[in-house]
Amino acid sequence: MATHIDTRWISNGLSEASAEKARVELNETPENRVECLAALREKIREHKLENEGSLSAIKDTDRFLIAFLRARKYDVERAFKLAVNYDLLRQKHSDLVDGTTLEMVKPLFERRVVHVFGDRDSQGRRMLMMQPAKLSEGGGQSKDALRALIYVLDRIIEDEETQVNGFVFINNFAGMTLSKILMFDHSRASVVMSLFQDAFPARFKAFHVVNQSAIFSIVYAVVRPFMKEKLRSRYHMHGADRESLYAILPRCDVPDEIDGDRPAYDHGDIVKFLTSFHEQE
């Protein structure tokens, strides 16, 4: 018997407000949806015929494919390029994707290294928080964090509300040491950059960095020129200045562990969702 998936995580279609947002911001209409899905499928089919073994990561379901169209405002050519990049990232970094199981990544949710809130923010966006200081010392920990992030993103992106309203990321660097910063070397940074810029079918609306040290700020200054303008404009460095954070992300949406009003969320809820999702895959 199929396990029910909580509609807080995977919605059944779009709310009226999100459907209107999709029409206004993403050029989505019932006719456009049918036409562009068919066109995207055809481009994928042709590419697979010409390139044996390619696009193996692309699932042929409406719910999955429409994420690429929404992420690129129904520009079929750009949506197809995004699908190619999505597949290439998984081929190039198969060690971060292949063989990943819920049991492997569950400890990262339990320790709140990767934290996903069940309730959306006041703008309907899905909220995630990364806390790399909660990683254990030692090799492989940054890889585990990226595995967990990709694992959960790959599943939550099938939620249509999230496809339209997007994600907000909070990066809490409280307690981050130099040794833990160095765990995220150039190769890990390049994966994150690709994931957020051109290899994942999502609308990444904002990235908030809090409690970062001077060392992290120096590292960011080096990386920033390699970011595309859109990503740079959505990256906000707040440090310990909570008023700076509240000016962009209302206090009601900020987690209480970084002085906001949003209560702590039980990691067990996201684990239950991932378990139910896995049983339907």
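Residues numbered from 1 in each chain as written. Predicted model: local features only at pLDDT ≥ 70, side-chain atom pairs only at ≥ 80, totals over all residues. Heavy atoms only, no water.

Undergrad: I'd like to hear about the packing of aromatic side chains, residue by residue, with values.
TA: Scanning the entire structure with this criterion turns up 15 aromatic pairs. Their ring planes at 45 degrees and their centres at 6.1 Å tell us that Y86 and F200 sit as a pair that is tilted. You can see Y86 sitting in helix α4 (residues 76-92) and its partner F200 sitting in the loop between α9 (186-197) and β4 (204-210), a full 114 residues away along the chain. Ring pairing ties together the aromatic residues F64, F68, Y86, F167, F169, F196, F200, F204, F207, Y220 and Y235, which thus form one cluster. Just above the ring of Y151 sits the side chain of R155; from NZ or CZ to the centre is 3.7 Å. (Phe/Tyr/Trp six-rings, centres within 6.5 Å; stacked < 30°, edge-to-face > 60°. Helix = DSSP H or I, 4+ residues; strand = E, 2+ residues; numbered from the N terminus. Lys NZ or Arg CZ within 6 Å of the ring centre and 35° of its normal.)

Undergrad: So what's going on with the packing of helix α3 (residues 62-71) against α4? Which residues, and what values?
TA: Between α3 and α4, whose axes approach to 8 Å, the crossing angle comes to 120 degrees. The orientation of α3 with respect to α4, classified from their angle, is oblique. The crossing of α3 and α4 is right-handed. Contacts between α3 and α4 pair F64, F68, L69 and A71 from the former with V76, A79, L82, A83 and Y86 from the latter. Across the contact of α3 with α4, the residue classes tally to 9 nonpolar, no polar and no charged. (Axes fitted to C-alpha atoms, helices over the stretch in contact; angles between N-to-C directions. Parallel < 35°, antiparallel > 145°, perpendicular 65-115°, else oblique. Left-handed = near helix turned anticlockwise from the far one by under 90°. Contact = heavy atoms within 4.5 Å. Nonpolar A, V, L, I, M, F, W, Y, C, P; charged D, E, K, R; others polar.)

Undergrad: Can you explain the layout of surface pockets? Please cite residues and give values.
TA: There is about 670 Å³ of room inside the largest pocket. In terms of lining residues, the largest pocket is bounded by 24 residues, among which F173, F184, V192, F216 and Y235 are the most central. When residues of the lining of the largest pocket are traced back to their parent elements, those giving at least two are α6 (141-156), β3 (167-172), α9 and α10 (214-223). Across the lining of the largest pocket, the residue classes break down as 22 nonpolar, 1 polar and 1 charged. (1 Å grid on protein atoms, 1.4 Å probe; cavity = no way out; pocket = protein on both sides within 12 Å on 5 of 7 lines; lining within 4 Å. Points joined across faces, edges and corners; volume = space filled by probe spheres on them.)

Undergrad: Describe helix α1 (residues 16-26), and please don't skip the residues or the numbers.
TA: Listing the buried residues of α1 in full gives S18, A22 and L26. The buried residues of α1 all sit within an arc of 50 degrees when viewed along its axis, so they share a single face. Exposed residues on α1 whose side chains face more than 90 degrees from its buried face are E16, A17 and V24. Taken together, the buried residues of α1 touch α3 and α7 (160-165). Within two residues after α1, N27 carries a phi angle of roughly 65 degrees, on the positive side. (Buried < 20%, exposed > 50% of the residue type's maximum accessible area, 1.4 Å probe, protein only. Arc of directions from axis to C-beta.)

Undergrad: Run through the sheet that holds strand β1 (residues 114-116), naming residues and quoting values.
TA: With mixed pairing, the 5 strands of this open sheet are ordered in space as β1-β2-β3-β4-β5. The open sheet has two edge strands with one neighbour each: β1 and β5 (235-239). Between one strand axis and the next, the sheet turns by 20 degrees as a mean value, whatever way the strands run. In the sheet, β4 pairs with β5 via 4 bridges, with the strands oriented parallel. Considered in β5, the bridge of F207 is made with Y235. (Pairing = 2+ DSSP bridges.)

Undergrad: Describe in detail the pattern of salt bridges, supporting the description with residues and values.
TA: Going through the model one piece at a time under the given rule, you end up with 21 salt bridges. In this structure, D198 and K228 form a salt bridge, with 3.7 Å as the shortest nitrogen-oxygen distance. Pair noted here: D198 is in the loop between α9 and β4 and K228 is in the loop between α10 and α11 (229-233), with a separation of 30 residues, a long-range link. Judged by relative accessible area, K228 falls into the partly exposed class, the value being 45%. Residue R262 pairs with D253 through a salt bridge whose shortest N-O separation is 3.5 Å. In this structure, R262 and D253 share a single accessibility class: buried. Here the salt bridges share partners, and the residues they tie into one network are E28, R33, R70 and E160. (Salt bridge = Lys/Arg side-chain N within 4 Å of Asp/Glu carboxyl O.)

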